[in-house]
Amino acid sequence: MKRFIFALISIIYFFISCDTSTKAYDNDVEENSSLNLVRYAENFEIYPYKSGYKLIIKNLSKRNDTEFYLFNDSIKIPSDLNDKIIIRTPINSAIAFSSTQWAVFQKLGELDRVKGILESNYTKNEEILRLVSEGEIIDVGMSTNVNTEKVIHLQADLILYTPYPTLDFSNLGKLSGSTMLPFPDYLESHPLGRAEWMKVIGILCGKEDVTNKWFSDVVNRYESLSSICTEVEEKPTVFSDLPFENQWYVPGGKSYIAKIFKDAGADYIWKHNESTGSLHIDAENVLLNAQNADYWRVINSYDEPFTYERLAKENELYPLFKAFKEKQLLVCDVRECGYFEQSQYEPDVLLADFIYHFHPDLLKKEWKNYAPKYFKKLVK
Amino acid sequence: MNHNKLNIILLLSIIILGVILFFLNLFLGSVVIPFKELWNVILYPESNPTISTIVFDYRLPQAVTALLAGAALSVSGLLMQTLFRNPLADPSMLGISSGASLGVAVTILLTGFLGGEALSSFGLWSNIGVSLAAFLGATLVLMLILGFSSRVRNMTTLIIIGLMISYLAGSLTDIMKFFSVKEDIHAFVIWGMGSFSAVGTSKLAFFSIAISMGLFASLFLPKILNILLLGDLYAENLGINIKRSNFLIILISGYLTAIVTAYCGPIAFLGLAIPHLARFIFRTSDHRILIPAVMLIGMLISLLCNLIARVPGFEGNLPINAVTALIGAPVVIWIILRKR
């Protein structure tokens with residue numbers, strides 16, 4: 001009896017493990033890194049390939065990367081690429097899972113190529129909301145619960161998705177027949193690396209010249225701004241974020257935000273931490289380390305009026321912080337400024353915002369009359 | 001004779017209703033497909049490849065999964081209720097679903113922190129797979145329970161052990177949740193809400209065979225179950241080896257629960273409610289009738305739940321667990337009141 005059960009269970013294990021086959025991509029081709037058109041981003045590479053491009057997206061596991069070959073519609077596809085993933089540009093139709101993807105289409109004036117998006121109820125972007133209500137763009141659900149039927153029905157050329165280790169979209173690609181293009185922009189820890197992802201959308205729309213120009217302008221502005229802060233001696237201290245259900249998640253010391261703080265001439269409280277993601281820190285430790293910080297960066301996504309009074313009611317720890325007492329909260333109202341969709345392509349503007357608060361006297365020349373776009377000081 | 005006739009009529013009407021619901025499951029969904037178009041695609045799948053994909057590669061496997069999972073959970077629930085002589089027993093009672101949840105928590109949540117990164121770049125998820133993790137967790141608990149079942153004679157003791165294992169697994173899961181990032185917790189919560197769509201065409205064959213084996217095995221149990229209803233002493237006097245039959249019942253029930261939970265998430269309520277519904281409709285406690293009855297009613301209700309979960313108008317699919325209890329709970333209350 002027992003032997004029978006063990007045999008049965010091992011058969012089941014065998015079958016279940018067969019389901020989760022992994023694809024291996026051949027990675028034999030040595031890339032000449034000098035030809036890589038990507039400068040700051042670490043999770044994708046672009047190489048000129050014959051008369052098109054070869055796009056390599058790094059896999060989350062860092063082991064097997066995914067290669068795409070992109071060619072303009074008018075070009076004949078080289079014969080040696082038979083078994084490769086080929087994308088014809090400009091693409092006709094795409095589903096964009098993340099707002100950071102459709103934001104570039106919108107900036108390029110190419111929103112008519114976007115046929116589906118996720119979570120349209122989270123955006124305040126008027127054009128997107130209008131297109132969704134007119135049925136030009138279909139809302140296909142949430143990233144954790146995508147409406148498969150609608151995705152199949154859209155028959156898009158391409159599905160741009162954000163790969164999280166816990167979400168598996170492979171079945172969606174198989175069923176819809178669309179090419180699945182992972183877009184792990186959130187993994188970039190350099191602000192310019194995140195912005196550089198605009199180049200991918202640029203090529204997809206056949207407008208790489210435009211995005212290349214935009215990106216080099218962003219780089220120039222970012223570098224000139226950060227260079228004015230390198231010499232500052234008095235660095236204000238800063239910490240970030242409100243707790244969620246009393247759990248404090250703050251940006252890691254090597255994260256995107258930590259880098260912007262550093263470039264804006266500030267001392268981030270957790271700058272010595274090595275994480276590029278977020279840190280889970282208990283309230284005691286936040287108090288211990290950040291109680292005397294000069295500034296407090298906060299992202300507000302609530303509809304209600306955001307005031308010191310309301311915050312003090314929400315959590316009795318808040319008034320204990322120096323930044324709170326001295327009214328030095330730097331708040332971004334995501335509903336108002338489109339923070340989540342646009343700010344990653346404007347790291348220069350984010351940087352200017354923080355320099356404006358941390359070292360107002362350093363903003364000179366064309367920045368002289370600068371008014372912050374995303375982060376504004378909470379006055380009341 | 002008359003009673004038998006009535007039973008056959010009842011079973012037949014359940015089958016007919018089931019067939020209708022099965023077709024409705026193919027017909028209704030968030031993409032509106034006119035009936036003519038559906039009929040056309042059923043006859044000539046090549047006529048519209050997009051619609052054909054939606055119907056045959058998405059809705060059909062989902063309907064079959066719902067059918068089989070409903071039958072499996074209902075049988076499993078009936079076995080538990082008879083074994084423990086407790087009307088509140090259900091497949092989750094022995095901690096098997098909590099074991100599955102723990103397995104999934106380990107893959108979804110723990111992979112998040114190895115290496116100290118909140119949302120790490122480990123691809124362990126894709127390599128191991130949720131189903132395997134859930135199945136591992138569930139079998140681990142099943143093995144433990146089977147081990148205990150051959151030691152303890154008293155079924156109440158076994159229930160308490162099952163509940164304790166459940167709490168243990170639950171608290172380990174909570175600890176992991178506490179330290180995880182939002183996206184991972186969300187993915188875990190969504191898994192916990194249950195879904196019939198995760199099986200898909202590629203895994204459907206295996207899922208069907210595995211469930212059918214368990215259901216088939218349960219068809220050999222009615223005699224033992226009927227005798228068990230009389231009490232352990234009677235059963236022993238009638239020559240039943242109590243320990244061995246308990247072992248067998250727990251094995252079949254746990255096996256069915258483990259497979260369903262591995263693929264569809266912990267689906268609550270069906271296992272508890274369907275046996276009551278079957279006893280009420282067929283007015284019997286004879287397992288020769290009850291086992292096929294719970295299978296068919298389980299299929300029927302599960303198809304109905306899947307249909308409601310996908311009613312046009314909702315963005316995405318409603319979680320199955322929300323729907324099962326939503327329509328199940330009032331039914332159970334109604335039955336209990338009618339009985340008195």
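Residues numbered from 1 in each chain as written. Chains lettered and ligands numbered in written order. Predicted model: local features only at pLDDT ≥ 70, side-chain atom pairs only at ≥ 80, totals over all residues. Heavy atoms only, no water.

**Digging into the overall build of chain B**
From N to C terminus, chain B includes 15 helices and 0 strands. By the compact-globule yardstick of 20 Å for 340 residues, chain B fits well, its C-alpha radius of gyration being 21 Å. Expressed as lengths along the three principal axes of its C-alpha atoms, the size of chain B is roughly 60 × 55 × 35 Å. When contacts within chain B are restricted to residue pairs at least 6 apart in sequence, long-range pairs at least 24 apart make up 78% of them. Looking at charge distribution, chain B has the averaged site of its 19 positive side-chain charges lying 16 Å from that of its 12 negative ones. (Helix = DSSP H or I, 4+ residues; strand = E, 2+ residues; numbered from the N terminus. Rg over C-alpha atoms; globule rule 2.2 N^0.38 Å. Contact = heavy atoms within 4.5 Å. Lys, Arg positive; Asp, Glu negative; His and termini not counted. Charge placed at Lys NZ, Arg CZ, Asp CG, Glu CD.)

**Let's talk about the overall build of chain A**
Across its full length, chain A holds 15 helices and 18 strands. In chain A, which comprises 380 residues, the proportion classed as buried is 54%. Only carbon and sulfur atoms are counted for the fraction: they give 49% of the accessible area of chain A, which is about 18,100 Å². (Buried < 20%, exposed > 50% of the residue type's maximum accessible area, 1.4 Å probe, protein only. Areas by Shrake-Rupley, 256 points an atom, 1.4 Å probe, with all protein chains shown as cover.)

**Some details on the sheet that holds strand 3 (residues 66–72) of chain A**
All names here are of chain A. What the 4 strands build is an open sheet, ordered 1-2-3-4; its pairing is mixed. The open sheet terminates on both sides in strands that have one partner only, identified here as strand 1 (44–49) and strand 4 (86–89). For this sheet, the mean angle separating the axes of adjacent strands, direction not counted, is 25°. Looking at chain direction, strand 2 (residues 52–57) and strand 3 are connected through 5 bridges and run antiparallel. Looking at strand 3, one finds that Lys54 is bridged to Tyr69. (Pairing = 2+ DSSP bridges. Axes fitted to C-alpha atoms, helices over the stretch in contact; angles between N-to-C directions.)

**Concerning the sheet that holds strand 12 (residues 237–240) of chain A**
Residue and element names in this part refer to chain A. With mixed pairing, 5 strands are arranged side by side in an open sheet as 14-12-16-17-18. On the outer flanks of this sheet lie strand 14 (267–268) and strand 18 (376–377), each paired with one strand and no other. Taken together, the 3 bridges between strand 12 and strand 16 (residues 295–300) define a ladder with parallel strand orientation. What sits directly across from Phe239, in strand 16, is Trp296.

**Focus on the environment of Ala268(B)**
All names here are of chain B. Tracing the backbone shows Ala268 in the loop between helix 12 (242–264) and helix 13 (270–282). Along the sequence, Ala268 and Thr157 sit 111 residues apart, while their C-alpha atoms lie 23 Å from each other. Setting aside its immediate chain neighbours within four residues, Ala268 contacts Asn321 and Thr324.

**Concerning the pattern of salt bridges**
Residues and elements named next belong to chain A. Here the structure, examined in full by the defined rule, presents 19 salt bridges over all chains. Residue Glu110 is joined to Arg113 by a salt bridge in which the shortest nitrogen-to-oxygen separation is 2.7 Å. Using a relative accessible area of 17% as the deciding quantity, one classes Arg113 as buried. Here Lys199 makes a salt bridge to Glu196, at a shortest N to O gap of 2.8 Å. Judged by relative accessible area, Lys199 falls into the buried class, the value being 8%. By sharing partners, the salt bridges in this structure join Glu110, Arg113 and Lys207 into a single network. (Salt bridge = Lys/Arg side-chain N within 4 Å of Asp/Glu carboxyl O.)

**Points about the packing of aromatic side chains**
On inspection of all chains with the given rule, the structure shows 31 aromatic pairs over all chains. Ring centres of Phe97(A) and Phe169(A) lie 5.3 Å apart, and the angle between their planes is 75°; on these two criteria the pair is classed as edge-to-face. Here Phe97(A) is found in the loop between strand 5 (94–96) and helix 2 (99–107), whereas its partner Phe169(A) is found in the loop between strand 10 (158–161) and helix 5 (170–176), with 72 residues between them in sequence. Using a relative accessible area of 8% as the deciding quantity, one classes Phe169(A) as buried. Pairing Tyr339(A) with Tyr374(A) gives two aromatic rings, centres 6.0 Å apart and planes at 80°, and the pair type is edge-to-face. Taken together, the residues span a long stretch of sequence, with Tyr339(A) in helix 14 (residues 339–342) and Tyr374(A) in the loop between helix 15 (347–358) and strand 18 at a distance of 35 residues. Residue Tyr339(A) shares its accessibility class with Tyr374(A), and that shared class is buried. An aromatic cluster is defined as three or more aromatic residues linked by ring pairs; in this entry it consists of Phe261(A), Tyr268(A), Trp270(A), Tyr295(A), Tyr339(A), Phe340(A), Phe354(A), Phe358(A), Tyr374(A) and Phe375(A). The lysine or arginine in question, Lys107(A), covers the ring of Trp214(A), its NZ or CZ lying 4.7 Å from the ring centre. The ring of Phe280(B) has Arg283(B) sitting right over it, with the charged end atom 5.2 Å from the ring centre. (Phe/Tyr/Trp six-rings, centres within 6.5 Å; stacked < 30°, edge-to-face > 60°. Lys NZ or Arg CZ within 6 Å of the ring centre and 35° of its normal.)

**Observations regarding the state of the cysteines**
Residue and element names in this part refer to chain A. Evaluation of the coordinates by the stated rule reveals 0 disulfides over all chains. With no disulfide of its own, Cys229 lies closest to Cys332 among cysteine sulfurs, the gap being 20 Å. On the basis of relative accessibility, which here comes to 3%, the residue Cys229 falls in the buried class. (Disulfide = S-S within 2.5 Å.)

**Examining the nonpolar core**
Grouped together as the largest cluster of nonpolar side chains are 125 residues, with contacts concentrated most on Phe97(A), Phe84(B), Phe207(B) and Ile211(B). In contact with Phe97(A), other than residues within four places in its own chain, are Leu118(A), Val146(A), Ile159(A), Leu160(A), Tyr161(A), Thr162(A), Phe169(A) and Leu172(A). Ranked by size, the runner-up nonpolar core spans 95 residues in total, among them Val104(A), Val219(A), Ala258(A) and Phe306(A). (Core = buried A, V, L, I, M, F, W, Y, C linked by side-chain atoms within 4.5 Å.)

**Notes on the confidence of the model for chain A**
For chain A, mean pLDDT is 86; residues scoring 70 or higher make up 89% of the total. The low-confidence segment residues 18–31 of chain A (pLDDT under 50) makes 21 contacts with residues lying over four places distant or belonging to another chain. (pLDDT = per-residue confidence, 0-100.)

**Overview of the packing of helix 2 (residues 35–43) of chain B against helix 3 (residues 49–83) of chain B**
All names here are of chain B. The geometry of helix 2 relative to helix 3 is characterised by a closest axis approach of 10 Å and an angle of 80° between their N-to-C directions. Relative to helix 3, helix 2 is oriented roughly perpendicular. Contact residues: helix 2 offers Glu37, Leu38, Val41 and Ile42, while helix 3 offers Ile51, Ser52, Val55 and Phe56. Split by residue class, the contact of helix 2 with helix 3 holds 6 nonpolar, 1 polar and 1 charged. (Parallel < 35°, antiparallel > 145°, perpendicular 65-115°, else oblique. Nonpolar A, V, L, I, M, F, W, Y, C, P; charged D, E, K, R; others polar.)

**Re the environment of Ile117(A)**
Residue and element names in this part refer to chain A. Within the secondary structure, Ile117 is located in strand 6 (residues 114–117). The exposure class of Ile117 is buried, given its relative accessible area of 0%. The spatial distance from the C-alpha of Ile117 to the C-alpha of Trp102 is 7.9 Å, given a sequence separation of 15 residues. With near-sequence residues (within four places) excluded, Ile117 lies in contact with Ile95, Ala96, Trp102, Ile128, Val132, Ile137, Ile138, Asp139, Val140 and Gly141.

**Observations regarding the pairing of strand 17 (residues 329–333) of chain A**
Residues and elements named next belong to chain A. Burial runs high along strand 17: 4 of the 5 residues are buried. By the bridge criterion, 5 bridges tie strand 16 to strand 17 in an arrangement that is parallel. Directly across from Ile299, in strand 17, lies its bridge partner Cys332. Inspection of the sheet shows strand 17 paired to strand 18 by 2 bridges, in the antiparallel sense. Along strand 18, the bridge assignment pairs Val331 with Lys376.

**So, the side chain of Ser255(A)**
Residues and elements named next belong to chain A. Among the secondary structure elements, Ser255 is positioned in the loop between strand 13 (248–251) and helix 9 (256–263). Residue classification places Ser255 among the buried positions, given a relative accessible area of 5%. At 2.8 Å, the side chain of Ser255 forms a polar contact with the backbone oxygen of Gly252. Residues contacting Ser255, with those up to four places away along its chain left out, are Ser189, Ser275, Thr276 and Gly277. (Polar contact = N/O pair within 3.5 Å; in protein donor to acceptor, adjacent residues only side chain to side chain.)

**Re helix 8 (residues 208–229) of chain A**
Residue and element names in this part refer to chain A. Helix length check: helix 8 (22 residues) gives 32 Å between terminal C-alpha atoms against 32 Å at 1.5 Å per residue, within 8%. Restricting attention to buried positions, one finds in helix 8 the residues Glu208, Thr211, Phe215, Val218, Val219, Tyr222, Leu225, Ser226 and Cys229. Angularly, the buried residues of helix 8 cover 145° about the axis, an arc narrow enough to put them on a single face. In this structure, the buried side of helix 8 is in contact with strand 2, helix 2, helix 6 (191–196), helix 7 (198–204), helix 9 and helix 15. (Expected span 1.5 Å × (residues − 1). Arc of directions from axis to C-beta.)

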